[in-house]
Amino acid sequence: MTGRIFTADHHVYDLPPLLSWNVRHTGTVPCDSWSVTAVYQPEMLTVLRMAAGFAAIENGMTQLRGIVDEYTVELGSRGMTVPLSGRGYAARLLDNESRPVTYEQVTLRELIRCHAEPYGISCGAAADLRSTVPYTAGAGISQWKVISEFCRTYGGFLPRFAKTGELLATPEQDSGKRIILDSGSPVLNCRIREDHYGVL
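Residues numbered from 1 in each chain as written. Predicted model: local features only at pLDDT ≥ 70, side-chain atom pairs only at ≥ 80, totals over all residues. Heavy atoms only, no water.

### A look at the overall build of the protein chain
No. 1: Assigned secondary structure in the protein chain consists of 4 helices and 13 strands.
No. 2: Taken along the three principal axes of its C-alpha coordinates, the protein chain extends 60 × 50 × 30 Å.
No. 3: Across the 200 residues of the protein chain, 37% fall into the buried class.
No. 4: A separation threshold of at least 6 residues defines the contact pool for the protein chain, and within that pool the share at least 24 residues apart is 57%.
No. 5: When the accessible surface of the protein chain is totalled, it reaches about 12300 Å², and 50% of it is carbon and sulfur. (Helix = DSSP H or I, 4+ residues; strand = E, 2+ residues; numbered from the N terminus. Buried < 20%, exposed > 50% of the residue type's maximum accessible area, 1.4 Å probe, protein only. Contact = heavy atoms within 4.5 Å. Areas by Shrake-Rupley, 256 points an atom, 1.4 Å probe, with all protein chains shown as cover.)

Put into structure tokens, the structure is as follows:
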């Protein structure tokens, strides 16, 4: 696994070899999260101060694109290390509130243009949805809720984020791929998690 930092002034820096990493995919809420630990090198300090984005890359494939929430420089028995952590791109929409606005008739594409793209979110796919009655984004709700509630109300699905950080605002299609875990599988830990937050 390679950790790559994107700075606020648009520079790219590959972290030294990682000592540990943890990438958690959720797709929606709570958003993806990540944490890595690398060996500290003196030239990293200016990069870390400007760290804004992160990518976890394995075998040339992006496993997660996200934002940097925090870093620490630590001195311990293993020498100087840098633990970094953050969340996926959904955090950009979860952390920002919408201004109150009512649309007479609005499309999903228009909502994405107004409520996602200003936060650096690109849309990989969007369903062709249109409201038939006025749609209101109330004061203080997150940009994520504006888009997700529209998709749920007019399309019957929830949007999600791809590993690459793109918003996918279409119903999820079954790929047909099946994975069977049995006593011969090299799996050390397996967990099923269901989130009921916000369910009445």
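Next comes the rest of the account.
### Quick word on the nonpolar core
Burial of nonpolar side chains together is a common tendency in soluble globular proteins.
No. 1: The biggest cluster of nonpolar side chains holds 28 residues, and the ones touching the most others in it are Leu-108, Ile-112 and Phe-161.
No. 2: Secondary-structure elements contributing two or more residues to this core are α2 (90-94), α3 (108-115), β10 (123-126), β11 (135-137), α4 (143-155) and β13 (167-169).
No. 3: Residue contributions to this core peak at 5 residues, all from α4.
No. 4: Ignoring any residue separated from it by four or fewer positions in sequence, one finds Ile-112 in contact with Glu-117, Pro-118, Cys-123, Ala-126, Ile-147, Leu-167 and Ala-169.
No. 5: Tyr-13, Ala-38, Leu-48 and Val-82 belong to the second largest nonpolar core, which has 18 residues in total. (Core = buried A, V, L, I, M, F, W, Y, C linked by side-chain atoms within 4.5 Å.)

### Remarks on the pairing of strand β5 (residues 51-58)
Moving residue by residue along a regular strand, the side chains alternate between the two faces of the sheet.
No. 1: The buried fraction of β5 amounts to 6 of the 8 residues, a majority that puts the element mostly inside the structure.
No. 2: When strand β1 (residues 2-7) meets β5, the two strands line up antiparallel, connected through 6 bridges. Its bridge partner lying in β5, Ile-5 is registered against Phe-54.
No. 3: With 6 bridges connecting them, β5 and strand β6 (residues 61-71) associate as antiparallel partners. Pairing of Ala-56 across the sheet is with Leu-64, part of β6.
No. 4: Between β5 and β6, which pair antiparallel one after the other, the connecting turn spans 2 residues, and Asn-59 there sits at a positive phi close to 50°. (Pairing = 2+ DSSP bridges.)

### What to know about the packing of aromatic side chains
Where two aromatic rings form a pair, the distance of their centres and the angle of their planes describe that pair.
No. 1: Tallied over the entire structure, the rule returns 5 aromatic pairs.
No. 2: Ring centres of Tyr-135 and Phe-150 lie 5.1 Å apart, and the angle between their planes is 80°; this geometry places the pair in the edge-to-face category. Of this pair, Tyr-135 sits in strand β11 while Phe-150 sits in helix α4, and the two are 15 residues apart along the sequence.
No. 3: Note on Phe-150 and Tyr-154: the rings are 4.8 Å apart at their centroids and 40° apart in plane angle, and the pair reads as tilted. One end of the pair, Phe-150, and the other, Tyr-154, are both in helix α4, 4 residues apart, so they sit about a helical turn from each other. (Phe/Tyr/Trp six-rings, centres within 6.5 Å; stacked < 30°, edge-to-face > 60°.)

### A look at α4
Each α-helix winds once per 3.6 residues, and so residues spaced three or four apart point in a common direction.
No. 1: Here α4 is 13 residues long and its end C-alpha atoms lie 18 Å apart, about the 18 Å a rise of 1.5 Å per residue gives.
No. 2: The inward-facing, buried residues of α4 abut α2, α3, β11, β12 (160-161) and β13.
No. 3: Trailing α4 by a residue or two, Gly-156 shows a phi angle of about 70°, which is positive. (Expected span 1.5 Å × (residues − 1).)

### Let's talk about a nonpolar patch on the surface
No. 1: A cluster of nonpolar side chains, Val-73, Leu-75 and Met-80, forms an exposed patch at the surface whose accessible area comes to about 280 Å².
No. 2: Its place among the elements puts Val-73 in the loop between β6 and β7 (74-76). (Patch = residues over 30% accessible without salt bridge, like charges linked within 9 Å, V, L, I, M, F, W, Y side chains within 5 Å. Salt bridge = Lys/Arg side-chain N within 4 Å of Asp/Glu carboxyl O.)

### A look at the packing of α3 against α4
No. 1: Following both chains from N to C, one finds α3 and α4 inclined at 175°, their axes separated by 10 Å at the closest point. When the axis of α3 is compared with that of α4, the two are roughly antiparallel. On the side of α3, the interface is formed by Leu-108, Leu-111, Ile-112 and His-115, while α4 contributes Gln-143, Val-146, Ile-147, Phe-150 and Cys-151.
No. 2: Looking at the contact of α3 with α4 residue by residue, the class counts come to 7 nonpolar, 2 polar and no charged. (Axes fitted to C-alpha atoms, helices over the stretch in contact; angles between N-to-C directions. Parallel < 35°, antiparallel > 145°, perpendicular 65-115°, else oblique. Nonpolar A, V, L, I, M, F, W, Y, C, P; charged D, E, K, R; others polar.)

### Quick notes on the pattern of salt bridges
No. 1: Within this structure, the stated rule accounts for 5 salt bridges.
No. 2: For the salt bridge of Asp-95 with Arg-87, the shortest nitrogen-to-oxygen distance reads 2.7 Å.
No. 3: Owing to a relative accessible area of 23%, Arg-87 belongs among the partly exposed residues under this scheme.
No. 4: The residue Arg-113 makes a salt bridge to Glu-110 at a minimum N-O spacing of 2.6 Å. Of this pair, Arg-113 and Glu-110 both sit in helix α3, 3 residues apart, roughly one helical turn.
No. 5: Assessed through its relative accessible area of 45%, Arg-113 is described here as partly exposed.

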